[in-house]
Amino acid sequence: MDGQGFQCQVVSRTTGELYEIHLSRKDGRLTCRCTCPAARNGRLCKHRLSLLDGDLSDVRSPGSPDRETILDLLRGTEVEALIGELREMESRKAAIEAAIRGLKDRLGRQLDG
Ligand SMILES: [Zn+2]
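Residues numbered from 1 in each chain as written. Predicted model: local features only at pLDDT ≥ 70, side-chain atom pairs only at ≥ 80, totals over all residues.

Draft legend 1. Region of interest: the overall build of the protein. If you tally the helices and strands in the protein, you get four helices and three strands. Sequence-ordered secondary structure for the protein, helices as α and strands as β, is β-β-β-α-α-α-α. Its C-alpha radius of gyration of 19 Å places the protein more than 25% over the 13 Å reference for a compact globule of 113 residues. Each principal axis of the C-alpha atoms in the protein carries an extent, and together these give about 65 × 35 × 25 Å. By the burial criterion, 17% of the 113 residues in the protein qualify as buried. Considering only intrachain contacts with a sequence separation of at least 6, the fraction spanning at least 24 residues in the protein is 45%. (Helix = DSSP H or I, 4+ residues; strand = E, 2+ residues; numbered from the N terminus. Rg over C-alpha atoms; globule rule 2.2 N^0.38 Å. Buried ≥ 20, exposed ≤ 12 C-beta atoms within 10 Å, placed from the backbone. Contact = placed C-beta atoms within 7 Å.)

See below:
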């Protein structure tokens, strides 16, 4: 998949505006740019993260890429590793939040006698 890429349009779920995403892979390095305000300000936008997760529900351009193409472009890149790490941390966060809720429930019951 090296030296390949594509561009597509995605629609904002909040404003309905269309943004352009360019995704390409060269020398094993994946880049993915979006024209939305968040991305232009240097932040990770949900459009890119959704697309890289293989979620095409916001893609609006004809002849848009399929999920397999995106996952092929991602495979073996640093971006794939970082997304994996992010998902792992989010999963641990959810588990910790559930444990905290459980402890608070137990503490509450303990205090009530
Ligand atoms: Zn964006």
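Draft legend 2. How the structure looks around the UniProt feature "coiled-coil region" (unreviewed entry) in the protein. Per the UniProt entry, the sites bearing "coiled-coil region" (unreviewed entry) are residues 79-106 in this numbering. Within the segment residues 79-106, helix and strand shares are 100% and 0% respectively, and the terminal C-alpha atoms sit 41 Å apart. (UniProt positions renumbered as here; feature names shortened; annotations may be inferred.)

Draft legend 3. Seen up close, unusual backbone geometry. Although it is not a glycine, D27 adopts a positive phi angle of roughly 50°. Note on placement: D27 falls in the loop between strand 2 (18-26) and strand 3 (29-34).

Draft legend 4. Layout of the domain arrangement of the protein. The assigned domain composition of the protein is domain 1 (1-76) and domain 2 (78-113). Taking the mean C-alpha position of each, domain 1 and domain 2 sit 29 Å from one another. (Domains from an automatic or database assignment.)

Draft legend 5. View of helix 4 (residues 78-111). Taking 1.5 Å per residue, 34 residues should reach 50 Å; helix 4 reaches 49 Å between its end C-alpha atoms and fits that length. Judged by how many residues are buried, helix 4 sits mostly at the surface: zero of 34 residues are covered. Note on helix 4: the residue one or two positions beyond its end, G113, has a positive phi of about 80°. (Expected span 1.5 Å × (residues − 1).)

Draft legend 6. Up close: the UniProt feature "domain: SWIM-type" (unreviewed entry) in the protein. Under the feature "domain: SWIM-type" (unreviewed entry), the UniProt entry names residues 19-56. Secondary structure content for residues 19-56 is 29% helix and 37% strand, while the C-alpha to C-alpha distance between its ends is 14 Å.

Draft legend 7. View of the pairing of strand 2. Along strand 2, the buried face is formed by Y19, I21, L23 and R25; none of L18, E20, H22, S24 and K26, which line the opposite face, is buried. Relative to strand 2, strand 1 (residues 4-11) runs antiparallel, the two being bridged by eight bridges. Of the residues in strand 2, the one forming a bridge with C8 is I21. Between the antiparallel neighbours strand 1 and strand 2 lie six residues, among them G16 with a positive phi of about 80°. Judged from the six bridges that link them, strand 2 and strand 3 form a sheet pairing that is antiparallel. Across the sheet, I21 pairs through a bridge with C34, a residue of strand 3. Linkage of strand 2 to strand 3, two consecutive antiparallel strands, is achieved through a turn of two residues, within which D27 is found at a positive phi near 50°. (Pairing = 2+ DSSP bridges.)

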